[in-house]
Amino acid sequence: MTAYPESRRDDVVETLHGREIADPYRWLEDPDSPDTQDWVQRQNEFTQAELSGYPEREWFQTTMSAILARPRAGVPSKKAGWYFVGRNDGTQAQDVIYVAESLEELLSGGRVLIDPNTLSEDGTDSLGTFTVSPDGKYFAYGINESGSDWTTFRLLDIATGKQVDDVVSEAKFCEAVWLPDSSAYLYLHYPSSGRSEGTETKSLTGGRLTLHKVGTPQSEDELVLSFPGEDQIFLAPEVSEDDRYLVVHITEGTDPATRLWVYPITADGLGDPSKVVDSFADEIAFVRMSGDQLVLRTDRDASRGRVVLSSLSGEFTDLIPEGEATLQAVRGTADGLATLTLVDAQPVLTLYGLDGSGQRVVDVPGGGVVDLNAGPEYDELFIGLSTTTDPTLSYVVSTGSGAVRALPELVRGSGGFTPPEVTVTRQIAAGRDVPYFLITRSDLDFSTPRPTLMWGYGGFRIPIQADYRPGWPAWLAAGGVLVIANLRGGGEYGTEWHDAGRLKNKQNVFDDFIAVAEHLRDTGVTTPAQLAVHGRSNGGLLVGAVMTQRPDLFAVALPGVGVLDMLRFHKFTVGAAWASDFGLPDDPEQFEDLLAYSPLHRVSDGTSYPATLVVTGDHDDRVVPLHSHKFMAALQHAQTGPQPVLTRVEVNTGHGFGKPAAMVAAEWADLLAFAAHHVGLVPPEQ
């Protein structure tokens, strides 16, 4: 047996709903304690020593470095008359934001407005969101330090590029939403004790919708709306395009059910709200105004979504009725509306008049949508799509004529990595009718079982598509098969599909993933000895669950930043907000459901588990690293098979957003080399 770094086992046992629950690694819940930091260092050293002996690692590191060295660009947006885009020349840790006064000027280069690579020496501080004041003067950008969710807002003068002496801190889960006169913006304030470090684990209190007047101290900011004592309430404001209303979406945790309050904007400030919808029943999203009525996207009486007109008193009438496709997003345009739907998990863009007439499908091919940027003020729309091997190709669409123009010239420069040609097919796992994408290199013979990497998520109504992740082209170039599964709990097929994979139905998600794995085995695509599974966040929970329920079915498990302790997830940072999908351990019935699949508590001594590499970040303040730490310690204690059980803890990074390019390349190289080594995938010659 492998001699792993020591993980102290304490005699911690508590009684929950009449059951005695041991928690010997609770000491690992404190990320800042010397004991935890020493444990992380020893584990990282052990992991690097193991990986250094893998012959596949050099190929994947070289390949991932080349992939991240490809020049790339994001999706343009037009705000207050300015055009913006993020670009990376392939050598930069973070994308640089460019600005121009016309699209042609942006395509020819534009002017650097802000370079996030100058925010920190190690490139771990990133630009989160940005908005522009209606008068086009101010660029309000949010900085996330070391990958944390905590946001600090700062301002630039767009015309000069100069910093404005104005700072707002202790914000989360928001962007700066400007009032029409450009004098002030709204944000979601989370007062914390002291500096927001990102390694804090304490449970998050409720956010306060706050108004900040430019040029005044944050201490003078005005409270607009809060729900004291209701810590799971989240508030998302936006201003209607006619400048008449502040529209506030009110949600509880991650549940899509929405209350909608509409405040009139007057010369004296905000009037009393009209509570258009004031119960948590259906998903509601404001789109734009149509005269005196609101255009809304909703799933009320429409599992796959519809677009409605609503009075301020909340009376709905159909504008675009529910169809067979799943409605994902609706944007206002100068000519009416643009909808993004999913047809069997594949995106379709459609234009409509403001009255719902004149339906026109726009030909913009791609596997996944990167972004969709439009506004009722503009007759051009920008959409970015990706494939499994290419990160973003942006298009500009005339909302009047429907004409489409690809914008490859947004990417400045060339070089780096040339992805392989691939074939994408749609498959169904028999028995449970679980759809999945099967992606293979077009030039290879797949008549015999091949090493395969399987990806899934299955939660929070988030749709999974055949889109881009930096590791996919490397795995495919090495000759591996890639599988992307569409599991219950996701958003691919509407509300009913989501409901079938949450709360008491959460086990369906894991059974779906297992069904896909068995279908791959039964159809000869791969074998259990050649199958690796990977997922992040809720997908990390997925991997932890299936590897502890069916360790015989997988050769490799790669749970990333996963929710793995289902009895204590609600006690840390924003964890309690996930009750909409998971339930809460404080409820006796939901406790039993959670205990039944909690990966930490399913670990059983004397079991031969797959080769496992757990990844997390020490500044992850969304899914705090204690989940990964405790799970790893338990797995190493229980493992009786010869397969290694390792952890990789990235320093100064969080849940994943804003991670520097070199860190992204190194993490994927380790994950893929580990998987390849244990499923028998031999990369080609360098």
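See the structure above.
Just so it is clear, the structure is predicted and the values come from calculations on it, not from any experiment.

## With respect to the overall build of the protein chain
When its secondary structure is counted, the protein chain shows 12 helices and 40 strands. With the principal axes as the frame, the protein chain shows a C-alpha extent of 75 × 55 × 50 Å. The 686 residues of the protein chain split such that 59% are buried. Contacts spanning at least 24 positions in sequence make up 58% of the contacts within the protein chain whose residues lie at least 6 apart. Carbon and sulfur atoms provide 47% of the accessible area of the protein chain, an area that totals close to 25,500 Å². Across the protein chain, 52 positive and 96 negative side-chain charges occur, with their mean positions spaced 2 Å apart.

## Considerations on the packing of helix α2 (residues 56–68) against helix α12 (residues 661–679)
Two elements in contact, α2 and α12, have axes whose closest approach is 8 Å; the angle formed by their N-to-C orientations is 145°. Here α2 and α12 pass one another in a crossing that is right-handed. In contact with Glu56, Arg57, Phe60, Gln61, Met64, Ser65 and Leu68 of α2, α12 contributes Ala661, Val664, Ala665, Ala666, Trp668, Ala669, Asp670, Leu672, Ala673, Ala676 and His677. When its residues are assigned to classes, the contact of α2 with α12 shows 12 nonpolar, three polar and three charged.

## Topic: the environment of Leu119
Mapped onto the elements of the fold, Leu119 is located in the loop between β7 (111–114) and β8 (126–132). We classify Leu119 as partly exposed; its relative accessible area is 27%. A sequence separation of 25 residues divides Leu119 from Gln94, and the C-alpha atoms of the two residues are 9.9 Å apart. Excluding residues within four positions of it along the chain, Leu119 makes contact with Asp125 and Ile143.

## Digging into the sheet that holds strand β32 (residues 404–406)
In spatial order, the strands read β29-β30-β31-β32; together these four strands make up an open sheet with antiparallel pairing. Strands at the two margins of the open sheet, each flanked by one partner only, are β29 (368–373) and β32. Sheet twist, expressed as the average angle between the axes of neighbouring strands with direction ignored, equals 25°. Note: strand β31 (residues 393–398) against β32, three bridges, orientation antiparallel. By the bridge assignment for β32, Val396 is matched with Arg405.

## Looking at helix α9 (residues 588–597)
All buried positions along α9 are accounted for by Phe591, Asp593, Leu594, Leu595 and Tyr597. In this structure, the buried residues of α9 make contact with β1 (13–16), β2 (19–22), α6 (507–522), α7 (538–549), α8 (579–582) and α10 (599–602). N-cap assignment for α9: the residue whose side-chain oxygen lies 3.0 Å from the backbone N of Glu589 is Asp587.

## Concerning the pairing of strand β34 (residues 434–441)
For β34, the tally of buried residues reaches eight of eight residues, placing the bulk of the element in the interior. On β34, burial covers both faces: Val434, Tyr436, Leu438 and Thr440 on one face and Pro435, Phe437, Ile439 and Arg441 on the other are all buried. As judged from the eight bridges shared by strand β33 (residues 422–429) and β34, these two strands associate in the antiparallel manner. Opposite Val424, over in β34, you have Ile439 as the bridge partner. As consecutive antiparallel partners, β33 and β34 are separated by four residues, and within that stretch Gly431 has a phi angle of approximately 95°, a positive value. Here β34 runs beside strand β36 (residues 481–485); their pairing, made up of four bridges, is antiparallel. When the sheet's bridge partners are listed, Ile439 is paired in β36 with Leu482.

Parameters and conventions
- Residues numbered from 1 in each chain as written.
- Predicted model: local features only at pLDDT ≥ 70, side-chain atom pairs only at ≥ 80, totals over all residues.
- Heavy atoms only, no water.
- Helix = DSSP H or I, 4+ residues; strand = E, 2+ residues; numbered from the N terminus.
- Buried < 20%, exposed > 50% of the residue type's maximum accessible area, 1.4 Å probe, protein only.
- Contact = heavy atoms within 4.5 Å.
- Areas by Shrake-Rupley, 256 points an atom, 1.4 Å probe, with all protein chains shown as cover.
- Lys, Arg positive; Asp, Glu negative; His and termini not counted.
- Charge placed at Lys NZ, Arg CZ, Asp CG, Glu CD.
- Axes fitted to C-alpha atoms, helices over the stretch in contact; angles between N-to-C directions.
- Left-handed = near helix turned anticlockwise from the far one by under 90°.
- Nonpolar A, V, L, I, M, F, W, Y, C, P; charged D, E, K, R; others polar.
- Pairing = 2+ DSSP bridges.
- Polar contact = N/O pair within 3.5 Å; in protein donor to acceptor, adjacent residues only side chain to side chain.

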